[in-house]
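Understanding the architecture of this molecule
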Amino acid sequence: MSLLINNKNLCERRKSENMSNLLKLLENFWILKEEDSETFYQLKNLDKETREFIVKNLGLKFITTSNMVKLEKVPLVPKEYMGVLDFEQPRDYAFLCLVLAFLEDKGVEEQFLLSNITEYIRMNFPDEEIDWTLYSNRRSLIRVLKFCEKMRMIRIDDGNQEEFAENSEAEVLYESTGISRYFMRVFPKSITEYSSWQEILNSEFEFANGISQPISDIKRIKAYRGLVVDGSVSFENEDELLYIKRQKVNITAELEKHLPEASFHIFKSFAFLAINESYKNTYPDDSNLCDILLLVSSQLLSKIEKGEYSLNPANETLEIHINALKSILEDVQKQYKNFWNKEWREKSLDKVFDEFLKFLCELGFAKLQEDGFVVIYPIYLKVVGEYQASDEAEESI
């Protein structure tokens with residue numbers, strides 16, 4: 001998932017067929033022939049210039065098969081929102097890895113039973129034997145299987161996997177689509193040789209295009225990847241931000257050529273891309289939670305302009321006590337909650353604030369410190385919003 005800033009409300013939306021090839025690859029985890037054959041063939045025959053940009057400037061691997069194309073998207077800085085949002089606990093990820101291992105030997109349209117999966121996990125789960133009589137374990141596996149189905153790695157031929165939540169003996173017949181083996185990335189060496197996620201991430205910058213071509217300019221790869229995959233590069237990645245500033249002209253020209261939907265913005269302490277397109281997984285979207293973030297951002301910016309708060313001159317961050325931030329949200333809730341849907345109108349201030357702060361930190365817009373202060377990053381204050389009455393007396397942000 002990328003977190004590119006979305007300017008779609010500031011311009012006329014373009015039709016998806018006019019999207020650049022790179023944006024289509026960034027927007028989708030993969031493109032399947034059976035779901036969108038036209039886009040599949042267009043990207044399978046990707047032009048040489050775009051392929052070179054992907055390898056030279058992003059250091060990423062572009063994968064094509066007879067029924068799937070995929071750009072492996074590896075971030076510069078991992079963030080919470082980049083995980084599987086449907087998962088609720090680490091065990092979900094462990095089950096996913098074991099389901100993928102189970103599917104490794106399954107051919108296209110090869111069938112198997114839910115009991116085959118549960119037995120495989122029971123036999124191979126490290127350090128313990130999984131007890132399928134526990135509801136929490138069954139619920140965890142259902143989340144994983146739903147995700148695999150949503151990603152088109154498996155299909156249900158017969159049965160209802162939800163019944164497994166209530167009955168550990170419930171049976172479901174699945175079939176493999178054959179694309180699960182391309183879900184996980186290929187690492188330069190065995191994953192058992194890594195001792196931390198930091199080592200795994202650093203290994204991404206040892207080779208371009210997977211494991212074949214050594215990277216000649218790691219700074220360039222990191223800078224471009226931070227912009228294009230993460231959506232922004234902050235002062236916390238000083239070397240990459242300095243590279244972006246020094247290479248502003250070249251980067252602008254490259255992005256205009258390969259990602260014309262994006263506008264490139266550089267400030268003192270960060271750089272980011274804004275997308276002038278209807279694009280998945282961007283901020284802001286049309287949810288009430290994003291509305292609330294925009295409204296609070298607008299309030300914060302107004303208070304800064306009035307001199308009530310001041311930014312750190314070194315990095316343009318704002319430190320505000322959690323209670324003061326909650327007070328601003330309370331004002332927003334009192335003033336604007338009538339514009340929100342029923343679910344959000346009925347939430348208490350504490351509930352709204354908890355979800356607001358959690359989302360703000362997940363997006364990388366803020367960080368909660370142990371002393372009770374919240375550090376607001378400058379990128380959050382660059383996108384603000386307010387409700388305005390339209391000709392039909394409706395309200396929009």
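Residues numbered from 1 in each chain as written. Predicted model: local features only at pLDDT ≥ 70, side-chain atom pairs only at ≥ 80, totals over all residues. Heavy atoms only, no water.

Looking up the protein chain in an unreviewed UniProt entry gives the name TIGR02678 family protein, with the organism given as Caldicellulosiruptor morganii.

For the rest of this paragraph, the subject is the sheet that holds strand 2 (residues 31-32). Strand order in the open sheet formed by 3 strands is 2-4-3, with antiparallel pairing between adjacent strands. Taken across any chain shown, the strands that pair with only one partner, and hence form the sheet edges, are strand 2 and strand 3 (62-64). (Pairing = 2+ DSSP bridges. Helix = DSSP H or I, 4+ residues; strand = E, 2+ residues; numbered from the N terminus.)

On to the environment of S66, then. Relative to the helices and strands, S66 is located in the loop between strand 3 and strand 4 (68-71). We classify S66 as exposed; its relative accessible area is 59%. Separated by 151 residues in the primary sequence, S66 and D217 place their C-alpha atoms 33 Å from one another. Here S66 is in contact with K33, F40 and K44, once residues within four sequence places are set aside. (Buried < 20%, exposed > 50% of the residue type's maximum accessible area, 1.4 Å probe, protein only. Contact = heavy atoms within 4.5 Å.)

Relative to the assigned elements, T317 resides in the loop between helix 11 (288-305) and strand 14 (318-321). Classification of T317 as buried rests on a relative accessible area of 6%. Within the structure, T317 has its side chain in polar contact with the side chain of N315 (distance 2.6 Å). Apart from residues lying up to four places away in sequence, T317 is in contact with F235, L311, N312, V375, I376, Y377 and P378. (Polar contact = N/O pair within 3.5 Å; in protein donor to acceptor, adjacent residues only side chain to side chain.)

Next up on the list: helix 12 (residues 322-336). Three- or four-residue spacings in an α-helix give side chains the same orientation, since the helix completes a turn every 3.6 residues. Here helix 12 is 15 residues long and its end C-alpha atoms lie 21 Å apart, about the 21 Å a rise of 1.5 Å per residue gives. Burial in helix 12 covers these residues: L325, I328, L329, V332, Q333 and Y336. The buried side chains of helix 12 occupy one side of the element, clustering within an arc of 145° when seen end-on. The exposed set on the far side of helix 12, more than 90 degrees from its buried face, consists of N323 and K334. Buried residues belonging to helix 12 abut helix 11, strand 14, helix 14 (349-362) and strand 16 (373-376). (Expected span 1.5 Å × (residues − 1). Arc of directions from axis to C-beta.)

The biggest cluster of nonpolar side chains holds 39 residues, and the ones touching the most others in it are L22, L25, L227, I244, I251, F264 and L273. Looking at which element gives the most residues to this core, the answer is helix 8 (residues 218-230), with 6 residues. One finds Y81, L318, L357 and F365 within the second-largest nonpolar core, a separate group that totals 38 residues. (Core = buried A, V, L, I, M, F, W, Y, C linked by side-chain atoms within 4.5 Å.)

Okay, helix 11 next. For helix 11, spanning 18 residues, the distance from its first C-alpha to its last is 26 Å, which sits close to the expected 26 Å at 1.5 Å a residue. Judged by how many residues are buried, helix 11 sits mostly within the fold: 13 of 18 residues are covered. Within two residues after helix 11, G307 carries a phi angle of roughly 85°, on the positive side.

A word on the packing of aromatic side chains. Enumeration according to the criterion identifies 24 aromatic pairs in this entry. Between F147 and F183, the aromatic rings sit 5.8 Å apart at their centres with planes inclined by 80°, giving edge-to-face as the arrangement. Of this pair, F147 sits in helix 6 (residues 135-150) while F183 is found in the loop between strand 7 (173-176) and helix 7 (197-203), placing the two residues 36 residues apart along the sequence. Overall, F183 belongs to the buried group, its relative accessible area being 12%. Note on Y283 and F365: the rings are 5.0 Å apart at their centroids and 75° apart in plane angle, and the pair reads as edge-to-face. (Phe/Tyr/Trp six-rings, centres within 6.5 Å; stacked < 30°, edge-to-face > 60°.)

Two elements in contact, helix 11 and helix 14, have axes whose closest approach is 10 Å; the angle formed by their N-to-C orientations is 80°. As judged from the angle between their axes, helix 11 and helix 14 are roughly perpendicular. Across the interface between the two elements, L289, C290, I292, L293 and V296 of helix 11 pack against V352, E355, F356, F359 and L360 of helix 14. Of the residues in the contact of helix 11 with helix 14, the class split is 9 nonpolar, no polar and 1 charged. (Axes fitted to C-alpha atoms, helices over the stretch in contact; angles between N-to-C directions. Parallel < 35°, antiparallel > 145°, perpendicular 65-115°, else oblique. Nonpolar A, V, L, I, M, F, W, Y, C, P; charged D, E, K, R; others polar.)

Bringing the pairing of strand 11 (residues 262-266) into the picture now. Strand direction decides the pairing type here: strand 11 and strand 12 (residues 270-275), joined by 5 bridges, are antiparallel. In the strand pairing of strand 12, I266 is matched with A271. Two successive antiparallel strands, strand 11 and strand 12, enclose a turn made up of 3 residues.

Glancing now at unusual backbone geometry. Cis geometry marks the peptide bond from Y283 to P284; its omega dihedral reads -5°. Within the secondary structure, P284 is located in the loop between strand 13 (282-283) and helix 11. One non-glycine residue, D127, adopts positive backbone phi at about 75°. Structurally, D127 is set in the loop between helix 5 (114-124) and helix 6. Classification of D127 as exposed rests on a relative accessible area of 84%. One non-glycine residue, E316, lies in the positive phi region at around 65°. Checked against the element boundaries, E316 lands in the loop between helix 11 and strand 14. The exposure class assigned to E316 is partly exposed, which follows from its relative accessible area of 23%.

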